[in-house]
Amino acid sequence: MLPEASRTFEAEGLSDRVELVAGDFFVEVPPGDAYLIKSCVHNFGDERAIELLRVLRRAGAPLLLVETMIPAGNEPHYSKFDDVEMMVIAGGNDRTEAEWAALVTAAGFEPGRVVRCDERFSLLEAF
Ligand SMILES: C[S@@+](CC[C@H](N)C(=O)[O-])C[C@H]1O[C@@H](n2cnc3c(N)ncnc32)[C@H](O)[C@@H]1O
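Since the structure is predicted, the reported quantities are computational estimates derived from the model, not experimental observations.

## Re the domain arrangement of the chain
Partitioning the chain into domains gives domain 1 (1–29) and domain 2 (31–126). Distance from the C-alpha centre of domain 1 to the C-alpha centre of domain 2: 21 Å. Opposite the five residues of domain 1 that make contact, domain 2 presents twelve residues. Summed over the shared surface of domain 1 and domain 2, the result is zero salt bridges. If you look at where domain 1 meets domain 2, you find zero residue pairs in polar contact (both at pLDDT 80 or more). Taken together, the residues that form the side of domain 1 that touches domain 2 break down as four nonpolar, no polar and one charged.

Next comes the structure, spelled out in structure tokens:
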């Protein structure tokens, strides 16, 4: 994974602005001022997702969680397709805003604002 990430940052001219560190987010994350994690937690069901989030909580910095958030109602939305895809390929699932907030709370965070990034993704702050 690191060589691929390294090539991507190099291609974007950003190599001098990052330090790439390999690791297992179920075990430990490197020290940081904040953690941004995108499209990873939806790969896991609640039990495993809470384990992962507890590792981030132990690291002691704010969390910026970027995921699809299932809107209320029966209108078509990307997250509803993604929810089924995650269930089938990974045993995970997408979640509503309230479910994401409950998940981070179960891991010891206090949920903050939700910011809509685009049609697909929202960012949930957690402290
Ligand atoms: C769906 S991809 C999302 C990748 C990227 N964040 C994005 O939004 O395109 C899930 C990522 O989680 C990483 N991952 C899975 N298990 C992991 C673990 N135990 N520790 C660290 N990363 C892991 C995979 O390598 C993969 O890059």
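Further notes follow.
## Remarks on the UniProt feature "domain: O-methyltransferase C-terminal" (unreviewed entry) in the chain
Here the UniProt feature "domain: O-methyltransferase C-terminal" (unreviewed entry) sits at residues 4–110. Helix and strand shares over residues 4–110 are 42% and 9% respectively, and the end C-alpha atoms of the span are 34 Å apart.

## A look at the environment of Y35
Within the element layout of this structure, Y35 appears in strand β1 (residues 35–38). Distance in space between the C-alpha atoms of Y35 and A59 is 9.0 Å, their sequence separation being 24 residues. Those residues in contact with Y35 that sit more than four places away from it in its chain are V29, P30, L56, A59, A61, P62, L63 and L64. Of the polar contacts made by the side chain of Y35, one reaches the backbone nitrogen of G32; its length is 3.0 Å.

Thresholds applied
Residues numbered from 1 in each chain as written. Predicted model: local features only at pLDDT ≥ 70, side-chain atom pairs only at ≥ 80, totals over all residues. Heavy atoms only, no water. Domains from an automatic or database assignment. Contact = heavy atoms within 4.5 Å. Salt bridge = Lys/Arg side-chain N within 4 Å of Asp/Glu carboxyl O. Polar contact = N/O pair within 3.5 Å; in protein donor to acceptor, adjacent residues only side chain to side chain. Nonpolar A, V, L, I, M, F, W, Y, C, P; charged D, E, K, R; others polar. UniProt positions renumbered as here; feature names shortened; annotations may be inferred. Helix = DSSP H or I, 4+ residues; strand = E, 2+ residues; numbered from the N terminus.

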